[in-house]
Amino acid sequence: MREIDIDVGAKSESYAPLWKKMITAGRAAEGLRDDWRRQLAEVQREIGFEYIRFHGLFHDDMFIYNERSDGTVFYNWQYLDSLFDYLRSIGLKPFVELGFMPSALASGTTTMFWWKANVTPPKDYGKWTDLVSETVKHCVNRYGREEVAAWYFEVWNEPDYEGFWSGDQAEYFKLYEASVRGVKAIDPRFKVGGPSTTQFKQGQAPWVEAFLAYCASRELPVDFITNHPYPNDLITDLEGHTPLTYRGEESTADDLRWLRAAVARSAYPQAEIHPTEWNTSFFSRDLVHDTAFMAPYVIQNNVKSIGTADSLGFWTFTDVFEEMGAGETLFHGGFGMMTLQGLKKPSYYGYWFLARLGSERLASGDGFFAARKGDRVQVLLWNYAHYGEAFAAGNASALKPLDRYSIFDGQTQRIVLSLSGARGKHRILTYRFGREHGSAYDEWLANGALSDPTAEELSILECRTGPQGSIDTADMTESWQRELSLAPHDVVLLEFIPEM
């Protein structure tokens with residue numbers, strides 16, 4: 001039995017909820033689809049983020065950059081306008097990733113993904129700078145200078161990974177310089193950053209220190225640093241395979257502390273830190289992504305990362321996502337917080353719980369966080385159960401489409417929650433989520449694991465998805481106490497609302 005004591009009358013402290021800053025999506029052209037937009041609008045209504053980041057703004061399917069037969073460049077902004085207008089209509093600002101390379105401007109034909117993102121350097125860096133400048137200028141003309149001053153412009157995606165950049169580090173630094181000059185030519189206040197590199201290796205973020213040193217040597221602006229702290233490694237086993245391994249429970253928080261320290265000792269100590277991709281892994285068919293594990297995973301890592309970064313961009317909000325083509329099944333391990341059909345997965349509810357927290361922290365510790373919003377107090381509890389040793393080391397044999405929980409360690413936790421310092425009568429709202437309480441994947445299992453559910457069957461699953469709530473009242477003039485039991489992957493939120 002574990003005891004958690006919270007003094008409601010204690011002094012609280014404000015904190016920056018990094019989980020509210022950014023959400024992400026696969027690519028720009030997917031944002032022209034109705035289902036993508038409907039899902040994002042629902043995310044904004046129930047959770048609410050400030051920014052959204054995605055690939056492919058300059059991909060050919062957005063039609064922005066064009067050249068005539070004589071080499072004359074012309075631009076087409078209609079798809080960009082449709083997408084950005086929509087984002088602004090639902091309260092989102094673009095976190096603009098500058099990439100990939102339009103084929104007419106590309107120096108080669110190397111591509112990535114099913115949708116063939118060109119990953120080669122520009123054949124003409126002057127034309128690339130013009131493309132960046134014209135894009136920024138168009139946005140200023142359409143949305144206003146002060147609006148664009150609040151945006152972010154990130155140069156490329158994962159250039160340290162050869163699949164995303166056919167050039168080397170020096171070529172990326174050249175691209176950054178050409179890009180930052182293109183943005184700052186429109187307004188020196190506009191924010192530019194990079195290097196948007198992959199997960200940590202040997203305890204360090206690839207290229208970050210070299211990038212900061214290069215920019216300092218060239219007196220280039222760096223307004224923010226980006227990296228993708230996926231908690232994974234790829235190793236080569238004795239048979240020559242490269243299984244995905246999973247690092248320790250503290251890896252995300254450790255990585256972000258390293259980033260914060262690296263920026264602090266650089267020539268850019270005031271640069272913001274924006275991890276623009278993060279999830280349990282960088283594999284878009286990771287069956288863990290659909291499980292109830294994701295709710296406490298999202299909550300715990302965000303809470304532990306308070307103060308280390310300015311955002312933590314969950315990759316992605318939806319399974320409307322086509323890097324490897326369309327997902328083959330309802331729960332195919334996609335990155336998204338929602339399935340292609342719109343069912344809300346456990347990661348969605350991780351953010352739903354976080355969104356209900358006030359911005360004043362009362363207390364926090366292992367598996368709990370207490371906050372205040374006006375005269376209301378929220379206490380969030382979770383039972384995080386990490387991967388077992390074999391799975392973490394790369395043995396995924398126990399992970400199967402209809403059995404995804406054998407890979408986790410963890411035990412049921414019994415908690416006695418005590419509150420003191422409150423006065424008078426309160427209503428108490430309790431929300432519980434977990435494998436037995438509203439996980440869409442687990443409801444799907446319990447209802448026959450249908451391979452192609454009909455619209456009516458999806459509606460039934462939707463009705464059974466989400467936190468289960470209850471209402472209670474209590475006179476809290478004396479200290480209040482409740483005993484709770486949390487199975488592995490469970491989350492419980494209690495909100496205390498005073499009555500007159």
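Everything discussed here concerns the structure shown above.
Anyway, here's the lowdown on the structure attached to this text. All values reported here derive from a predicted model rather than from experimental measurement. (Residues numbered from 1 in each chain as written. Predicted model: local features only at pLDDT ≥ 70, side-chain atom pairs only at ≥ 80, totals over all residues. Heavy atoms only, no water.)

With respect to helix α6 (residues 208–217)
Owing to its 3.6 residues per turn, the α-helix brings residues three or four apart onto one side.
Here's step 1: Looking at α6, one finds that the buried residues are Val208, Phe211, Leu212 and Cys215. All buried residues of α6 project into a common sector of 95 degrees when viewed along the axis, lining one side.
Here's step 2: Of the surrounding elements, those touching the buried residues of α6 are α5 (169–184), β11 (191–197), β12 (224–227) and α7 (251–264).
Here's step 3: Of the residues trailing α6, glutamate 219 is marked for its positive phi of about 55 degrees. (Buried < 20%, exposed > 50% of the residue type's maximum accessible area, 1.4 Å probe, protein only. Helix = DSSP H or I, 4+ residues; strand = E, 2+ residues; numbered from the N terminus. Arc of directions from axis to C-beta. Contact = heavy atoms within 4.5 Å.)

Here's the deal with the packing of aromatic side chains
Here's step 1: Counted by the stated rule, this structure contains 59 aromatic pairs.
Here's step 2: Centroid distance phenylalanine 173 to tyrosine 214: 4.7 Å. Interplanar angle 25 degrees. Geometry classified as stacked. One end of the pair, phenylalanine 173, is in helix α5; the other, tyrosine 214, is in helix α6, with 41 residues separating them in the sequence.
Here's step 3: Relative to tyrosine 349, the ring of tyrosine 348 lies with its centre 5.2 Å away and its plane at 70 degrees, an arrangement referred to as edge-to-face. (Phe/Tyr/Trp six-rings, centres within 6.5 Å; stacked < 30°, edge-to-face > 60°.)

Structural notes on the sheet that holds β11
Here's step 1: Pairing in this open sheet of 7 strands is parallel, and the strands run β3-β4-β7-β10-β11-β12-β15 from one edge to the other. The outermost strands of the open sheet, each flanked by one partner alone, are β3 (22–27) and β15 (272–275). The mean inter-strand angle of the sheet, taken between neighbouring strand axes irrespective of direction, is 25 degrees.
Here's step 2: Across the sheet, α5 is in contact with β7 (93–98), β10 (152–155) and β11; its angle to β11 comes to roughly 160 degrees. (Pairing = 2+ DSSP bridges. Axes fitted to C-alpha atoms, helices over the stretch in contact; angles between N-to-C directions.)

Overview of the packing of helix α1 (residues 34–46) against helix α9 (residues 346–355)
Here's step 1: At a closest axis distance of 10 Å, the pairing of α1 and α9 adopts a crossing angle of 30 degrees. Here α1 lies roughly parallel to α9, going by the angle between them. Counting all contacts with α1, which are made through Glu42, Val43 and Glu46, the residues of α9 involved are Tyr348, Trp352 and Ala355.
Here's step 2: Class assignment of the residues belonging to the contact of α1 with α9 gives a composition of 4 nonpolar, no polar and 2 charged. (Parallel < 35°, antiparallel > 145°, perpendicular 65-115°, else oblique. Nonpolar A, V, L, I, M, F, W, Y, C, P; charged D, E, K, R; others polar.)

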